[in-house]
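For reference, the chains in residue letters:
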Amino acid sequence: MIVITNPFFIEDEIQILHSLLEEGLSLLHIRKPNFSELEMAQFIHQIKLEFRTNLVLHSHHQLAEDLGIERFHFSEKERKEFPERFPKPCRFESESISTSTHSIEDFNSLANEFDYAFLSPVFKSISKEDYHPEMDLFEALKSRTNQHTKVIALGGIDAENIQKTLENGFDDVALLGSIWNNKNPLKQFKLCQQIALSHSQLQV
């Protein structure tokens, strides 16, 4: 399961992030689009070293080596504006890259080097007003041809629809609004995590 940081300031955010990671959050996407390079470095330095392998950088990728981060996310805009960057040689054996897509056609056309990609929005967004699906992505997934890249559901994912999402072809889910718009982010995460774990256990 993936959690994406709130793009804006959250009170006690680092403490909440530590709680999520201590509860077994596998990947935390650091998405702070308004952060300067210095602000990003200061933010990540507050996160315990033991969790650096769980962090994914959305911006200021040049900080990664000094911060001990080997996971990178590229927006759809970056991927399309600078196609010459992909595929690219990995600097580290364990390096992982991901990206964002908004149609099954874009997802299917991804280079094999992408470990996973967000496909969104699956449901009406919790964090973005008036952001809702323009197509049925469950139906679209039936046309999936890219089996090298994991497809991650994003957009309106919460405890009420995780089971349905995983049953209908998505490999995993990413949470944003369901965590940060909740009065108890940790409790909500644990509930979502349990649903996802129960589903994966049934697949074994």
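For clarity, every value in this text was computed on a predicted model and none was experimentally measured.

Undergrad: Just to check I follow, could you spell out the nonpolar core for this structure?
TA: Grouped burial of nonpolar side chains is what soluble globular proteins tend to show. In this structure, Val3, Ile47, Ile162, Phe170 and Leu175 are the most contacted members of the largest nonpolar core, which totals 63 residues. It is helix α1 (residues 13–22) that contributes the most residues to this core, 5 residues altogether. When neighbours within four sequence positions are excluded, isoleucine 162 is seen to be in contact with Met1, Ile157, Val173, Leu175, Cys192, Ile195 and Ala196.

Undergrad: I tried to follow α1 on my own but got confused; where do I start?
TA: Helical geometry note: an α-helix holds 3.6 residues per turn, so side chains three or four residues apart project in the same direction. The element α1 is largely enclosed, with a buried count of 7 among its 10 residues. Among the residues of α1, Glu13, Ile14, Ile16, Leu17, His18, Leu20 and Leu21 are the ones counted as buried. Looking at the buried residues of α1, the elements they touch are β1 (2–4), β2 (27–30), α2 (37–45), α8 (177–180) and α9 (185–203). Downstream of α1 by a residue or two, glycine 24 has a phi angle that is positive, lying close to 105°.

Undergrad: Would you mind going over the pairing of strand β7 (residues 150–153) with me for this structure?
TA: On a regular strand, each side chain points to the face opposite its neighbour's, so the side chains alternate between the two faces of the sheet. When strand β6 (residues 116–119) meets β7, the two strands line up parallel, connected through 4 bridges. Residue pairing for β7: phenylalanine 118 is matched across the bridge by isoleucine 152.

Undergrad: In this structure, what is going on with the pattern of salt bridges? I would like to understand it.
TA: Where side chains of opposite charge bring their charged atoms close, a pairing between them can arise. Taken as a whole, this structure holds 6 salt bridges when the rule is applied. Among the ionic pairs, lysine 32 bridges to glutamate 13, the shortest N-O distance being 2.9 Å. You can see lysine 32 sitting in the loop between β2 and α2 and its partner glutamate 13 sitting in helix α1, a full 19 residues away along the chain. There is no split in this pair, since lysine 32 and glutamate 13 are both buried. Here lysine 142 and glutamate 139 are joined by a salt bridge, their closest N and O atoms 3.1 Å apart. Residues joined in a network through salt bridges with shared partners are Glu76, Lys80 and Asp106.

Undergrad: Would you take a moment to explain the packing of α1 against α9 for this structure?
TA: Helix-helix packing is characterised by the crossing angle of the two axes and by the distance between the axes. Running from N to C, α1 and α9 point in directions that differ by 25°, and their axes come no closer than 10 Å. With respect to each other, α1 and α9 are oriented roughly parallel. Between α1 and α9 lies a crossing whose hand is right-handed. For the pair formed by α1 and α9, the contact residues are Ile16, Ser19 and Leu20 on the first element and Pro185, Leu186 and Phe189 on the second. The residue inventory of the contact of α1 with α9, partitioned by class, reads 5 nonpolar, 1 polar and no charged.

Undergrad: Help me understand the packing of aromatic side chains in this model?
TA: What describes a pair of aromatic rings is the distance from one ring centre to the other and the angle between the planes of the rings. Applying the stated criterion to the full structure yields 4 aromatic pairs. Taking the centre distance of 5.7 Å and the plane angle of 70° together, the rings of phenylalanine 35 and phenylalanine 43 count as edge-to-face. Since its relative accessible area comes to 23%, phenylalanine 35 is described here as partly exposed. Aromatic pair phenylalanine 138 and phenylalanine 170: ring centres 6.0 Å apart, planes at 80°, arrangement edge-to-face. A residue pair is termed long-range when its members are at least 10 positions apart, and phenylalanine 138 in helix α6 (residues 137–140) and phenylalanine 170 in the loop between α7 (162–167) and β8 (172–175) qualify at 32 residues. Considered together, phenylalanine 138 and phenylalanine 170 belong to a single accessibility category, that of buried residues.

What counts and how
Residues numbered from 1 in each chain as written. Predicted model: local features only at pLDDT ≥ 70, side-chain atom pairs only at ≥ 80, totals over all residues. Heavy atoms only, no water. Core = buried A, V, L, I, M, F, W, Y, C linked by side-chain atoms within 4.5 Å. Buried < 20%, exposed > 50% of the residue type's maximum accessible area, 1.4 Å probe, protein only. Helix = DSSP H or I, 4+ residues; strand = E, 2+ residues; numbered from the N terminus. Contact = heavy atoms within 4.5 Å. Pairing = 2+ DSSP bridges. Salt bridge = Lys/Arg side-chain N within 4 Å of Asp/Glu carboxyl O. Axes fitted to C-alpha atoms, helices over the stretch in contact; angles between N-to-C directions. Parallel < 35°, antiparallel > 145°, perpendicular 65-115°, else oblique. Left-handed = near helix turned anticlockwise from the far one by under 90°. Nonpolar A, V, L, I, M, F, W, Y, C, P; charged D, E, K, R; others polar. Phe/Tyr/Trp six-rings, centres within 6.5 Å; stacked < 30°, edge-to-face > 60°.

These results come straight from atomic positions and should not be treated as a statement about function.
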